[in-house]
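Single-letter residue listing:
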There are 2 protein chains.
Amino acid sequence: MPGLAQTPEPPYWAVIFTSHRAAQPDDGYDDTAQRMLTLAAQQSGFLGVETAHEGVGITVSYWADEASIAAWKRNADHAYAQYEGRTRWYDRFQLRVARVERAYGFDREGA
Amino acid sequence: MPGLAQTPEPPYWAVIFTSHRAAQPDDGYDDTAQRMLTLAAQQSGFLGVETAHEGVGITVSYWADEASIAAWKRNADHAYAQYEGRTRWYDRFQLRVARVERAYGFDREGA
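These numbers were taken from a predicted model, which means no experiment stands behind them.

A. Layout of the overall build of chain A. Along chain A, the regular secondary structure elements total 3 helices and 4 strands. Overall, chain A is about 40 × 30 × 20 Å in size when its C-alpha atoms are taken along their principal axes. Within chain A, buried positions represent 44% of all 111 residues. Within the structure as shown, chain A displays about 5700 Å² of accessible surface, and the carbon and sulfur contribution to it stands at 50%. Here chain A carries 11 positive and 15 negative side-chain charges, and the mean point of each set is 7 Å from the other.

B. Focus on the relation of the copies chain A and chain B. Superposition of chain A onto chain B requires a rotation of 180° combined with a translation of 0.0 Å along the rotation axis, giving an RMSD of 0.0 Å. Here the symmetry operator amounts to a two-fold rotation axis. Take the interface residues of chain A: 100% of them recur as interface residues in chain B, which is what a same-surface contact looks like.

C. Inspection of helix α1 (residues 29-40) of chain B at higher detail. All names here are of chain B. Taking 1.5 Å of rise per residue, the 12 residues of α1 would be expected to cover 16 Å, and the 16 Å separating its terminal C-alpha atoms lies within 8% of that figure. Considered for burial, the residues of α1 that qualify are Tyr29, Thr32, Met36, Leu37, Leu39 and Ala40. For α1, the arc enclosing every buried residue in end-on projection is 165°, short of the 170-degree limit, so these residues lie on one face. Residues Asp30 and Asp31 are exposed on α1 and point more than 90 degrees away from its buried face.

D. A look at the interface of chain A and chain B. Each side of the interface is counted separately: chain A has 48 residues, and chain B has 48 residues. Roughly 4300 Å² is buried in total at the junction of chain A and chain B, and carbon and sulfur atoms are behind 53% of that figure. For the chain A face of the interface with chain B, the top three residues by lost area are A:Leu4, A:Tyr104 and A:Phe106, together amounting to 18%. There are 6 salt bridges connecting chain A and chain B. Breaking the side of chain A that touches chain B down by element, the ones donating at least two residues are β1 (12-21), β2 (46-54), β3 (56-63), α2 (66-74), α3 (76-89) and β4 (90-107) of chain A. The dominant element in the side of chain A that touches chain B, judged by the number of residues it contributes, is β4(A), at 18 residues. Here 15 bridges tie β4(A) to strand β4 (residues 90-107) of chain B, and the two strands are oriented antiparallel to one another. Bridging across to β4(B), A:Arg96 finds its partner in B:Ala103.

E. Region of interest: the sheet that holds β1(A). In spatial order, the strands read β2(A)-β3(A)-β1(A)-β4(A)-β4(B)-β1(B)-β3(B)-β2(B); together these 8 strands make up an open sheet with antiparallel pairing. Where the open sheet ends on each side, the last strands, each with one partner, are β2 of chain A together with β2 (46-54) of chain B. Each strand of the sheet is rotated relative to its neighbour by a mean of 25°, with strand direction disregarded. Here strand β1 (residues 12-21) of chain B runs beside β4(B); their pairing, made up of 10 bridges, is antiparallel. Opposite B:Phe17, over in β4(B), you have B:Leu95 as the bridge partner. Contacting β1 and β4 of chain A together with β4 of chain B, α3(A) runs over the sheet at an angle of about 125° to β4(A).

F. Quick look at helix α2 (residues 66-74) of chain B. Residues and elements named next belong to chain B. Listing the buried residues of α2 in full gives Ser68, Ile69 and Trp72. All buried residues of α2 project into a common sector of 100° when viewed along the axis, lining one side. Summarising the geometry of α2, the exposed residues directed more than 90 degrees from the buried face are Ala67 and Arg74.

G. Structural view of the side chain of B:Thr18. Along the chain, the position of B:Thr18 falls in strand β1. Overall, the relative accessible area of 0% leaves B:Thr18 in the buried class. Every residue in contact with B:Thr18, bar those within four places of it in the chain, is listed here: A:Leu4, A:Glu50, A:Tyr62, B:Gly57, B:Ile58, B:Arg92, B:Phe93, B:Gln94 and B:Arg96.

H. Structural view of the packing of helix α1 (residues 29-40) of chain A against α3(A). All names here are of chain A. The N-to-C vectors of α1 and α3 enclose an angle of 150°; their axes lie 11 Å apart at closest approach. If you check the angle between α1 and α3, you find them roughly antiparallel. As α1 packs across α3, the resulting crossing turns out to be left-handed. Here Tyr29, Thr32, Arg35, Met36 and Leu39 of α1 lie close against α3, whose contacting residues are Asp77, His78, Ala81 and Trp89.

What counts and what doesn't
- Residues numbered from 1 in each chain as written.
- Chains lettered and ligands numbered in written order.
- Predicted model: local features only at pLDDT ≥ 70, side-chain atom pairs only at ≥ 80, totals over all residues.
- Heavy atoms only, no water.
- Helix = DSSP H or I, 4+ residues; strand = E, 2+ residues; numbered from the N terminus.
- Buried < 20%, exposed > 50% of the residue type's maximum accessible area, 1.4 Å probe, protein only.
- Areas by Shrake-Rupley, 256 points an atom, 1.4 Å probe, with all protein chains shown as cover.
- Lys, Arg positive; Asp, Glu negative; His and termini not counted.
- Charge placed at Lys NZ, Arg CZ, Asp CG, Glu CD.
- Least-squares fit on C-alpha atoms with pLDDT ≥ 70 in both.
- Contact = heavy atoms within 4.5 Å.
- Expected span 1.5 Å × (residues − 1).
- Arc of directions from axis to C-beta.
- Buried area = accessible area lost by both parts, 1.4 Å probe.
- Salt bridge = Lys/Arg side-chain N within 4 Å of Asp/Glu carboxyl O.
- Pairing = 2+ DSSP bridges.
- Axes fitted to C-alpha atoms, helices over the stretch in contact; angles between N-to-C directions.
- Parallel < 35°, antiparallel > 145°, perpendicular 65-115°, else oblique.
- Left-handed = near helix turned anticlockwise from the far one by under 90°.

Pasting the structure below:
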């Protein structure tokens, strides 16, 4: 499970994917979700990802530019996962593509 | 606990707040976090919020414009919560302000 993403100075892009699962144990979701995180991290332009599930699922992935987001959307394995998502995994989801304009962070260790 | 946010057509703004908690039971975090969600929803320009905690915490709030985000940041109760966050609640956090350019959704019910 990834922690907080280390991203460069803005501008860069964020894909905010929020979802509500259709409750179906053993439907292959967890394996595929983990595989998609691993696969996304291998794509050109990938900057990082943050994910948490608690009632709703929120996954925010960060990308260098819009072309990288478009290429990841078209990735064949990812396209199949998108199909599975609509067919059986999700009751509802929202996907938002946003340009990160400003960012700041805090680290107690001062790292 | 809110579910998925119902937001208007883009463009609008997203504040992506991702955090890692300093583990301190009974430190007042849960009450204040809930109070801040309620208070944010009363602010001018607020469009919605989505939040989940699982190892990391992710809260994405949506706003009509940057002025609304700036006003919420300056809100006195919120400013005190920010101070508490740096003083004791969080080990690390990242705050990103992003302009939502595109969005689409899926709803199995077709609603």
